[in-house]
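A closer look at the structure
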Amino acid sequence: MAMRNETREAKLEALEERIVRSVEELVSGEDWRRAMEFAARFRSRSFNNTLLIWAQHLEAYEQGRVPTPTPTWVAGFQDWKKMGRWAEAGGGYEIRAPVRVRFATATPKDPASWRRLAKGQSPRPGEVVQRRVVNVVPAHVWDVSRTHGAELPELPRPKLLEGEAPAGLWDGLASQVESLGYEVLRMPDSDAIRGANGMTDYETRQVLVRTDMDPAAQVKTLAHELGHARMHGPNQQEARQHRGIGEVEAESLALMIAAAHGMDTSDYTIPYVAGWAANVDGKDPVQVIRDTGEKVRRTATDVLSQLDTIQLGNGNPVSLRIDGPEHAGPEHSEPERAPDRAPLPERESRRVQAAPGRGL
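Residues numbered from 1 in each chain as written. Predicted model: local features only at pLDDT ≥ 70, side-chain atom pairs only at ≥ 80, totals over all residues. Heavy atoms only, no water.

The next point concerns the overall build of the protein. Scanning the protein for helices and strands turns up 10 helices and nine strands. Of all 360 residues assigned to the protein, the portion counted as buried reaches 46%. Taking all contacts inside the protein whose residues are at least 6 apart in sequence as the whole, residues at least 24 apart take part in 74%. On the protein, roughly 18700 Å² of surface is accessible, and the fraction owed to carbon and sulfur atoms is 48%. (Helix = DSSP H or I, 4+ residues; strand = E, 2+ residues; numbered from the N terminus. Buried < 20%, exposed > 50% of the residue type's maximum accessible area, 1.4 Å probe, protein only. Contact = heavy atoms within 4.5 Å. Areas by Shrake-Rupley, 256 points an atom, 1.4 Å probe, with all protein chains shown as cover.)

Printed below as a string of structure tokens:
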């Protein structure tokens, strides 16, 4: 048992080192934009695990083991098996999976009253049940390209013309802004809001968006301002003390919402990563980047879950129902062997779009 625990700790330490390396490689604003766009497509995973999946899949692509530089659907060995698909031996990506257990209490406001439920144990009448993370263990997930078997259904993909906004997105975002106690006002031009595309006024509780832009730009601006309203209000003193990071968080939220709807994100400009990450006194820039990525991911996931719009998937196969993020199943060093599979399709050429410079 001691040897097994030592092996587990060694694997977790190796994963931590890989996460740190991945964060350190997010040097430019373009790097951050691509990371956020990727996170939008795999938003059911933590930001740390998103980086792990991204790095390992890209490495597999560069070695010719997968056909595309970006994964499509990702799930654990047992989940793929439930869907009638076989995971390739040695083809999984290591992640850090939280271990969640159930706790119950009849008095939720008393922290000392919560008790852990055994597997299969039912709560007593009148008790409230919560799942809590009690540990983190190494686990594996596989991209669909490293599995084969039964066909999978596909989600409808939003199709947008240039400058067009996804149907229902403005109304959905505006409704969320209003639920926070803000009034959404459409302004005729930038002169009415100090030369900006949009503005959030915490004192008057108003969100202003200029309307002399195409619908996609208006929606993107409203998403940015929703980020300010949610993450940078008067009670969020730390965020408001570091305006640079506040702008990065709001712009990154808008980017993730746009990416989840199939919108073009190439015009999203994020400042030099090392600059804003080093802007918080007393904190390691690497930790600031990790905290920012996770904060944006959590907020974007919540915003998107409340929208009645056609969105890209969250990285989980359509037929897979997952109770909370990071469901990877038990660790498998070597999955059972499957029948021979067909050769991989031809690899796509890698294309990286340059983002034109634009202020936040």
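Further notes follow.
On to the nonpolar core. Ranked by size, the top nonpolar core spans 69 residues in total, and within it Trp32, Leu173, Leu222, Ile257, Trp276 and Ile289 carry the most contacts. Considering every element that reaches this core, the biggest residue donor is helix α8 (residues 243–260), with 10 residues. Setting aside chain neighbours within four positions, we find Trp276 in contact with Trp32, Ile245, Val248, Ile270, Pro271, Val288, Ile289 and Thr292. Residues Met83, Ala87, Val144 and Leu152 belong to the second largest nonpolar core, which totals nine residues. (Core = buried A, V, L, I, M, F, W, Y, C linked by side-chain atoms within 4.5 Å.)

Spatial ordering of the open sheet is given by β1-β5-β3-β4, a layout of four strands whose pairing is antiparallel. Sheet topology places β1 (74–76) and β4 (115–116) at the edges, where each strand pairs with a single neighbour. Strand direction decides the pairing type here: strand β3 (residues 93–105) and strand β5 (residues 128–143), joined by 13 bridges, are antiparallel. Residue pairing across strands places Ile95 opposite Ala139, the latter belonging to β5. Across the sheet, helix α3 (residues 47–62) touches β1, β3 and β5, and the angle it forms with β3 is around 155°. (Pairing = 2+ DSSP bridges. Axes fitted to C-alpha atoms, helices over the stretch in contact; angles between N-to-C directions.)

Attention shifts here to the pairing of strand β9 (residues 206–210). Counted residue by residue, β9 has four buried out of five residues, so it is predominantly covered. Sheet topology note: the strand β7 (residues 183–187)/β9 ladder contains five bridges and is parallel. Bridge assignment links Glu183 to a residue of β9, and that residue is Gln206. By the bridge criterion, four bridges tie strand β8 (residues 198–201) to β9 in an arrangement that is antiparallel. Each residue of the ladder has a partner; that of Asp201, found in β9, is Gln206. Following β8, the chain reverses through four residues before pairing antiparallel with β9; Arg205 in that reversal takes a positive phi of roughly 60°.

A separate point is unusual backbone geometry. A positive phi is found at Arg194, a non-glycine position, where the angle reads about 60°. Looking at where Arg194 falls in the secondary structure, it is placed in the loop between β7 and β8. One non-glycine residue, Arg205, adopts positive backbone phi at about 60°. Mapped onto the fold, Arg205 is located in the loop between β8 and β9.

Take helix α2 (residues 29–41) next. In this model, α2 (13 residues) spans 19 Å end to end at C-alpha, consistent with the 18 Å of a helix rising 1.5 Å per residue. Of the positions making up α2, those classed as buried are Gly29, Glu30, Trp32, Arg33, Ala35, Met36, Phe38, Ala39 and Ala40. Packed against the buried residues of α2 are α3, α8, α9 (273–277) and α10 (285–305). One side-chain oxygen at the N-terminal end of α2 lies 3.3 Å from the backbone nitrogen of Glu30; it belongs to Ser28. (Expected span 1.5 Å × (residues − 1). Polar contact = N/O pair within 3.5 Å; in protein donor to acceptor, adjacent residues only side chain to side chain.)

So, on to the sheet that holds β7. Spatial ordering of the open sheet is given by β7-β9-β8, a layout of three strands whose pairing is mixed. Each edge of the open sheet is held by one strand with a lone partner, namely β7 and β8. Ignoring strand direction, the axes of neighbouring strands in this sheet form an average angle of 15°. Strands β7 and β9 of the sheet are contacted by helix α5 (residues 169–179), whose axis makes an angle of about 130° with β7. Helix α6 (residues 215–231) rests against β7, β8 and β9 of the sheet, and its axis sits at about 155° to β9.

Next up on the list: the side chain of Thr221. Considering the arrangement of structural elements, one finds Thr221 in helix α6. Taking the relative accessible area as the measure of exposure, Thr221 reaches 5% and is therefore buried.

What follows is about a negative patch on the surface. Side chains of Glu162, Asp214, Asp264 and Asp267 sit close together on the surface and give a patch of like negative charge. Within the secondary structure, Asp214 sits in the loop between β9 and α6. (Patch = residues over 30% accessible without salt bridge, like charges linked within 9 Å, V, L, I, M, F, W, Y side chains within 5 Å. Salt bridge = Lys/Arg side-chain N within 4 Å of Asp/Glu carboxyl O. Lys, Arg positive; Asp, Glu negative; His and termini not counted. Charge placed at Lys NZ, Arg CZ, Asp CG, Glu CD.)

Now for the packing of α8 against α10. When two helices pack together, their arrangement is given by the angle between the helix axes and by the axis-to-axis distance. As a packed pair, α8 and α10 sit with axes 9 Å apart at the nearest point and diverge in direction by 45°. In terms of their interaxial angle, α8 and α10 are classed as oblique. Relative to α10, α8 is oriented so that their crossing is right-handed. Contacts from Ile245, Glu249, Ser252, Leu253, Met256, Ile257 and Ala260 of α8 reach α10 at Val288, Thr292, Lys295, Val296, Arg297, Thr299, Ala300, Val303 and Leu304. Residue classes in the contact of α8 with α10 are distributed as 10 nonpolar, three polar and three charged. (Parallel < 35°, antiparallel > 145°, perpendicular 65-115°, else oblique. Left-handed = near helix turned anticlockwise from the far one by under 90°. Nonpolar A, V, L, I, M, F, W, Y, C, P; charged D, E, K, R; others polar.)

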